[in-house]
Every structure is written in C-alpha cells, then in structure tokens.
There are 2 protein chains.
Amino acid sequence: MENKQIPKATAKRLPLYYRYLKYLFTSGKKKVSSADLSEAVKIDSATIRRDFSYFGALGKRGYGYDVEDLMNFFSRQLNQEQLTNVALVGVGHIGRALLNYNFQGQNSIRISAGFDVKEDLVNSILEGVPIYHIDELEEQVKAQQFEVAIIAVPGDYSQDITDRLVEAGIKGIMNFTPMRLSVPDSVRILNIDLSNELQSLIYFVQYSDSILDDDKV
Amino acid sequence: MENKQIPKATAKRLPLYYRYLKYLFTSGKKKVSSADLSEAVKIDSATIRRDFSYFGALGKRGYGYDVEDLMNFFSRQLNQEQLTNVALVGVGHIGRALLNYNFQGQNSIRISAGFDVKEDLVNSILEGVPIYHIDELEEQVKAQQFEVAIIAVPGDYSQDITDRLVEAGIKGIMNFTPMRLSVPDSVRILNIDLSNELQSLIYFVQYSDSILDDDKV
C-alpha cells in the first residue's frame, strides 16, 4: 500500500465501500458478491474489481468477498479506529448545519472546534462544540493539532483564512466558499461548490443527449 | 453543440469559467489569456484549451479571449437568461441552510418551493419561499413544472421521495442524503455526500504520497 499509487477516483470511493460493508456486517451478512456490492453502491462491478485490485487480492473469484475481512481492511485504510478532529471556520447558516450534522454515523470524524467573530457565538458551546474567536485560530489549531479544516466564511475572507490555516499547519481544507484557494502543493483542497454543482446538474438535465457519461460517480 | 459530445468533467467546469468571466467583465477587463484564466480558476491551461475546443474556436492563439464574447457564450450554454426553479424536499438543518443560501450570485437558479411534514413549517413562508406539506409533492411538482429537486430528508425516506419525484416528472436530483438512489437512466443524480467527501480528504491528507493526482478539479 505504501508503495502503490492509488487513483484519486478510487480513493474517493473507499468510504462508500466501507459504509456499505459496515451495514452488511451489522445485518449479519458473511459474504458479498461484487454484483451485489455493485447494485448497492451504484458503481459498476468492473470499476469495483479494478479499485480492489490496487489493494491486492481481497477475495476469491466466484466466492465473493468476506464481509468482515473486507470491512476491517477498509476500516484500517480509512483509519476508522482513530478519531480525526476537524476545525470549522465560519459558523453561519452552512456552518451551523454542519455542526448539527457533525458527520453522524462516521464515528471517526468530528468537528471539535468552531471559529467565528460574532459576539453572541464566541466563547459559547454550540451542539456540544466550543466556538472560539477567529483571533485564536492559529493558537488553537496548533494546540489541538488540527490537520483538517472546513472553511464556511464569506468568500472575501476565504484566502486570508486559508493562508492563516496553512501557516498554522493545516494539511487539508474542505472549502464551502465559491472562491478557488491558493495553497502550497503539500496542502489538499476539496471544493464543495453547491452553486456550481447545481448549475452543472441543470446543464446535464437540459443537454442530456450531448454529455458523455465518462464518469460514474 | 447539439451534435457534439461533451465530457462530463468539461460540463462541470463551465459554471466556473462563466463565473470568472462575469467577474472580469464587471471589472472592465476586455481580454483574458488562458494563462490568467488558468491561474484564477486553478485549472491547468491545457485542460482549459481542451475544454474550449469542444465548443469550436472561441479565441485566437496568442491574442487571448474576448471577455464579453466568451462570457456571453457560456451564459447561453448555461441558460443564464432563464430562471430555473428548483424544489427542496426536506427543510431540516441542511435544508434551511440551503434556503438561506439559495444560490445567491447565481441569478439563474432559485429554490422556489420547500416540502416538509413539520406542522410549524408547513404553509409558512421561509426566506421568501413557500413550504408545502409533503402530501402536496406530486401536485406542486406538476403545477410548477419543476424538473430539478434537492433531497435533504432523512436517509430512510430518500428512495420513496425519489420515486415520487421521478413519477411526477423530475429529471435531475441533487441528493444530500448518504443513500445511493435508484432511478431510471433518464434521470440524473448528483450526490453531495459530505461525510464521504470529508473522509476522502482525510485519507488524501494521511496518504498523500500514495494518491495519484489524476484529477485536477
């Protein structure tokens, strides 16, 4: 695994496989075929087999996969045994919805600190999570050893916040603003741009005949 | 355009190009080079040139692109002149944040109806948007000729709601639940699975050396 290069698209599907395997395990299932897995996660079985091939032989052809073994394998891959604490910068409407949601059902991820400037929020505890003043950003990121942060501030502040986070040691940013952020190559950005996504969907619906279905997920 | 097949990845980048061109136009810029465009939208210029090539000659090599022409071209592609009304099913925390956000700055998209079962929401107007009882779903989707809907209900209800939406004529669904939905081939699904996305980001941060950077956006 350490030596093998995994395509980004494969890496993105791992949580999906893991979640379904956990569901099967909880339901008492012992074996799963790649056809059943394919039907449940809506990814064609050739892609699933190719994804799994990056991790070596995970099952025997014709016998299906052992649910518990496979679940445990992906659990280790995804570091499920260890809680990853995440910082949330910006506690507006989106930020609050994220706090409330707090990645339930993903036992391994938790927003454990929020940052904002609003007087009525700062130094309070919201949905069980302490909200700090943005002035304390660097100090708390270092003290709590955050590596991943979510940015849900107004777009105009996003690059400044990003620079401060990177300087403080953040390695991955989930960006809910519509801005594209500049970061060093060592930092990962995941853009969740809801306007763009919805606009693309509308475009797909309107021009469905002229879009190549080259990407399944 | 009608005869040409556009890759899905290209279609997904169009809103990004359009938004930046609109910004340049508003700032009074007349010309933009593909290098400047590349720097602003964080997409390499080879990809930009390839994307643009699907739409024929949009600029002359070495002269850069005419900002207004290009903006107008993408505006037509993205059907910006016409408002697309979108239905929101489920007005919980995520739903409310979406209502508040309501794709501001995208003049062409608006959530114009919400659906829920909660007594205190039904028949009220929230952020300027009427909230109907879920029992009125089919009737309102047909009456208001919705083609695109956002699902932000608890996961257990998602497939049932999807079936009802599809039956009523919906062609595109933005899915905020963690469930994978079954729909006919003619219906487009866009999954916004925040847990999965964040888990992938954490995976990327932890194994950054072993992920192939095969996908830029």
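The preceding data block contains the structure.
Treat the numbers as computed from the prediction; the structure is a model and nothing was measured. (Residues numbered from 1 in each chain as written. Chains lettered and ligands numbered in written order. Predicted model: local features only at pLDDT ≥ 70, side-chain atom pairs only at ≥ 80, totals over all residues. Heavy atoms only, no water.)

### Concerning empty space enclosed by the protein
A complete count under the given rule lists 3 cavities of 30 Å³ or more for this structure. The computed volume of the largest cavity comes to approximately 80 Å³. Lining the largest cavity we find Ile 94, Ala 97, Leu 98, Phe 176, Ile 192 and Leu 194 of chain A together with Ile 94, Ala 97, Leu 98, Phe 176, Ile 192 and Leu 194 of chain B. (1 Å grid on protein atoms, 1.4 Å probe; cavity = no way out; pocket = protein on both sides within 12 Å on 5 of 7 lines; lining within 4 Å. Points joined across faces, edges and corners; volume = space filled by probe spheres on them.)

### Details of the pairing of strand β4 (residues 84-89) of chain B
Residues and elements named next belong to chain B. Within β4, 5 of the 6 residues are buried, which leaves the element mostly enclosed by the surrounding structure. Direction of pairing for β4 relative to strand β5 (residues 109-116): parallel, over a ladder of 6 bridges. Among the inter-strand pairings, Val 89 is bridged to a residue of β5, identified as Phe 115. Both β4 and strand β8 (residues 148-151) contribute to a ladder of 4 bridges, which runs parallel. Residue pairing for β8: Leu 88 is matched across the bridge by Ile 150. (Buried < 20%, exposed > 50% of the residue type's maximum accessible area, 1.4 Å probe, protein only. Helix = DSSP H or I, 4+ residues; strand = E, 2+ residues; numbered from the N terminus. Pairing = 2+ DSSP bridges.)

### Structural notes on the sheet that holds strand β6 (residues 125-126) of chain B
Across a sheet, paired strands are connected by hydrogen bonds in the backbone, their directions being either parallel or antiparallel. All names here are of chain B. Taken together, 7 strands build an open sheet; the order of strands is β6-β7-β5-β4-β8-β9-β10 and the sheet is mixed. Every other strand in the sheet has two partners, leaving β6 and β10 (188-191) as the edge strands with one partner each. Bridging between β6 and strand β7 (residues 129-133) involves 2 bridges; their strand directions are antiparallel. Across the sheet, Leu 126 pairs through a bridge with Val 129, a residue of β7.

### Notes on the sheet that holds strand β6 (residues 125-126) of chain A
The strand order β6-β7-β5-β4-β8-β9-β10 (chain A) describes an open sheet built from 7 strands, whose pairing is mixed. In the strand order of this sheet, the two ends are held by β6 and β10 (188-191) of chain A, each with one partner. Packed on one face of the sheet, helix α8 (residues 194-206) of chain B meets β4 (84-89), β5 (109-116), β8 (148-151), β9 (172-175) and β10 of chain A and runs near 155° to β9 of chain A. (Contact = heavy atoms within 4.5 Å. Axes fitted to C-alpha atoms, helices over the stretch in contact; angles between N-to-C directions.)

### Considerations on the pattern of salt bridges
A complete count under the given rule lists 12 salt bridges over all chains for this structure. Arg 19 of chain A is paired through a salt bridge with Asp 193 of chain B; the nearest N and O atoms lie 2.7 Å apart. Taken together, the residues Arg 19 of chain A in helix α1 (residues 8-26) and Asp 193 of chain B in the loop between β10 and α8 connect one chain to another. (Salt bridge = Lys/Arg side-chain N within 4 Å of Asp/Glu carboxyl O.)

### Here's the deal with the interface of chain A and chain B
Between chain A and chain B, the contact holds 75 residues from the first and 75 residues from the second. For the interface between chain A and chain B, the tally reads 14 residue pairs in polar contact (both at pLDDT 80 or more). The dominant element in the side of chain A that touches chain B, judged by the number of residues it contributes, is helix α8 (residues 194-206) of chain A, at 13 residues. In terms of residue class, the side of chain A that touches chain B is made up of 39 nonpolar, 19 polar and 17 charged. (Polar contact = N/O pair within 3.5 Å; in protein donor to acceptor, adjacent residues only side chain to side chain. Nonpolar A, V, L, I, M, F, W, Y, C, P; charged D, E, K, R; others polar.)

### A look at the relation of the copies chain A and chain B
Under the fitted operation, chain A is carried onto chain B by 0.0 Å of movement along the axis and a turn of 180°, and the coordinates agree to an RMSD of 0.0 Å. Taken together, the rotation angle and the small translation identify this as a two-fold axis. The position closest to the rotation axis in chain A is occupied by the C-alpha of Ala 97 of chain A, lying 3.2 Å away. With an isologous cut-off of 70% or more, the 100% of interface residues of chain A that recur at the interface of chain B puts this contact in the isologous class. (Least-squares fit on C-alpha atoms with pLDDT ≥ 70 in both.)

### Observations concerning the nonpolar core
By size, the foremost hydrophobic cluster in this structure holds 49 residues, and its most contacted members are Ile 150, Met 174, Leu 194 and Leu 198 of chain A together with Ile 150, Met 174 and Leu 198 of chain B. Not counting residues up to four positions away in its chain, the partners in contact with Leu 198 of chain A are Val 86, Phe 103, Ile 109, Val 148, Ile 150, Met 174 and Leu 190 of chain B. (Core = buried A, V, L, I, M, F, W, Y, C linked by side-chain atoms within 4.5 Å.)

### Considerations on the packing of α1 of chain A against α8 of chain B
For the pair α1 of chain A and α8 of chain B, the least separation of the axes is 9 Å and the interaxial angle reads 125°. Classified by the angle between their axes, α1 of chain A and α8 of chain B sit oblique to one another. The crossing of α1 of chain A and α8 of chain B is right-handed. Residues Lys 8, Ala 11, Lys 12, Leu 14, Pro 15, Leu 16 and Arg 19 of chain A of α1 of chain A form the contact with α8 of chain B, whose participating residues are Ser 195, Asn 196, Glu 197, Gln 199, Ser 200, Tyr 203 and Phe 204 of chain B. For the contact of α1 of chain A with α8 of chain B, the class distribution of residues is 6 nonpolar, 4 polar and 4 charged. (Parallel < 35°, antiparallel > 145°, perpendicular 65-115°, else oblique. Left-handed = near helix turned anticlockwise from the far one by under 90°.)

### Regarding helix α1 (residues 8-26) of chain B
All names here are of chain B. For α1, which comprises 19 residues, the first-to-last C-alpha distance of 29 Å matches the rise-based estimate of 27 Å (1.5 Å per residue) to within 8%. At Leu 14, α1 shows its largest bend, some 25°, and a proline, Pro 15, comes one to four positions later. Among all positions in α1, only Lys 8, Thr 10, Ala 11, Arg 13, Leu 14, Pro 15, Leu 16, Tyr 17, Tyr 18, Tyr 20, Leu 21 and Leu 24 are buried. Among the residues trailing α1, Gly 28 stands out with phi positive, at a value near 85°. (Expected span 1.5 Å × (residues − 1). Bend = angle between axes of the 7 residues up to and from the residue.)

### Quick word on the environment of Ala 46 of chain A
Note that Ala 46 of chain A resides in helix α3 (residues 45-53). Along the primary structure Ala 46 of chain A and Ser 34 of chain A are separated by 12 residues, whereas in three dimensions their C-alpha atoms are 8.8 Å apart.

### Here we look at the side chain of Asn 175 of chain A
All names here are of chain A. Here Asn 175 shows up in strand β9. A relative accessible area of 0% means that Asn 175 is categorised as buried. A distance of 2.8 Å separates polar atoms of two side chains, one belonging to Asn 175 and the other to Thr 177. Engagement of the side chain of Asn 175 in a polar contact is seen with the backbone oxygen of Met 179, the distance being 2.8 Å. Residue contacts for Asn 175: discarding those within four places in its chain leaves Ile 151, Leu 181, Ile 189, Leu 190, Asn 191 and Ile 192.

### A few points about helix α7 (residues 158-168) of chain B
All names here are of chain B. Along α7, the positions that sit buried rather than exposed are Ser 158, Ile 161, Thr 162, Arg 164, Leu 165 and Ala 168. For α7, the angular spread of buried residues about the axis comes to 165°, placing them on one side. Buried-residue contacts for α7 involve β4, α6 (137-143), β8 and β9 (172-175). (Arc of directions from axis to C-beta.)

### Regarding the packing of helix α5 (residues 93-101) of chain A against helix α5 (residues 93-101) of chain B
Remark: α5 of chain A packs on α5 of chain B, axes separated minimally by 9 Å, with the N-to-C direction vectors making an angle of 170°. When the axes of α5 of chain A and α5 of chain B are compared, the pair comes out roughly antiparallel. Here α5 of chain A contributes His 93, Ile 94, Ala 97 and Asn 100 of chain A to the contact with α5 of chain B, which in turn contributes His 93, Ile 94, Ala 97 and Asn 100 of chain B. Split by residue class, the contact of α5 of chain A with α5 of chain B holds 4 nonpolar, 4 polar and no charged.

Taken by themselves, the reported measurements are silent on function.
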